[in-house]
Amino acid sequence: AGVLQSNGKKYNLKGEGATTLLDLQSGPTVFLGAFDNAWTLRLTKPLRYHFANNPDMTEFRIVDSHFPKQVGWMVSRAQQMATNNYRDYAIVARFTDTNTGRIAIVAAGVGRGGTIAAGEFLTNPDDLALLEHAAQAAGNKKNLEIVLSTQIIDGEPGTPKMEASYFW
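Residues numbered from 1 in each chain as written. Predicted model: local features only at pLDDT ≥ 70, side-chain atom pairs only at ≥ 80, totals over all residues. Heavy atoms only, no water.

Another aspect to go through is the packing of helix H5 (residues 112-123) against helix H6 (residues 125-137). It is the contact of H5 with H6, at a shortest axis distance of 5 Å, that shows an interaxial angle of 80°. Relative to H6, H5 is oriented roughly perpendicular. Along its contact with H5, which presents Glu120, Phe121, Leu122 and Thr123, the element H6 presents Pro125, Asp127, Leu128 and Leu131. (Axes fitted to C-alpha atoms, helices over the stretch in contact; angles between N-to-C directions. Helix = DSSP H or I, 4+ residues; strand = E, 2+ residues; numbered from the N terminus. Parallel < 35°, antiparallel > 145°, perpendicular 65-115°, else oblique. Contact = heavy atoms within 4.5 Å.)

Okay, structure coming up:
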């Protein structure tokens, strides 16, 4: 909101439960959070990188649909709750949603720290320059997804690190 406001852009803030499909069809949308935002889960499900969990909700992960058996981007809920020191992961994406025909931007972590790291990544000029360089190397395609990681120490996220990227 601060970035939009500082650039003189109008915006509306709505919670996941108060947001309708009609709202999403009215313009570009930014989605924050993953497992606490059904819209994020719905919109990222068909993408290469998307969120998943095991049936008993003890492991939360980002899945690469090109390599679905890869288990690398996973957060153990037990470790998260017991230590508050763990590695968290996030997806940052920009794509045209096929349901609305509008631009969707996602900044969502497996946990709270991953979401914070994704937001910091999107507002840091150095990180955006890194993303711009990766986009140029991929042929300046308009749609993108990146997976980030960050070390959580005493509940606070460290610097985000780009783990993977996909452009289409």
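Here we take up the side chain of glutamate 145. Here glutamate 145 is to be found in strand E7 (residues 144-153). For the buried residue glutamate 145, which engages in no salt bridge, the nearest side chain bearing the opposite charge is arginine 48, 6.6 Å off. A polar contact is formed between the side chain of glutamate 145 and the backbone nitrogen of tyrosine 49, at a distance of 3.0 Å. Setting aside residues no more than four positions away along its own chain, glutamate 145 makes contact with Leu47, Arg48, Tyr49, Ile91, Val92, Ala93, Ala164, Ser165, Tyr166 and Trp168. (Buried < 20%, exposed > 50% of the residue type's maximum accessible area, 1.4 Å probe, protein only. Lys, Arg positive; Asp, Glu negative; His and termini not counted. Salt bridge = Lys/Arg side-chain N within 4 Å of Asp/Glu carboxyl O. Polar contact = N/O pair within 3.5 Å; in protein donor to acceptor, adjacent residues only side chain to side chain.)

Okay, unusual backbone geometry next. One non-glycine residue, methionine 57, adopts positive backbone phi at about 60°. Within the secondary structure layout, methionine 57 lies in the loop between strand E2 (49-53) and strand E3 (59-64). One non-glycine residue, aspartate 154, lies in positive phi territory at about 50°. Among the structural elements, aspartate 154 can be located in the loop between E7 and strand E8 (156-157).

Shape descriptors only; they carry no functional weight alone.
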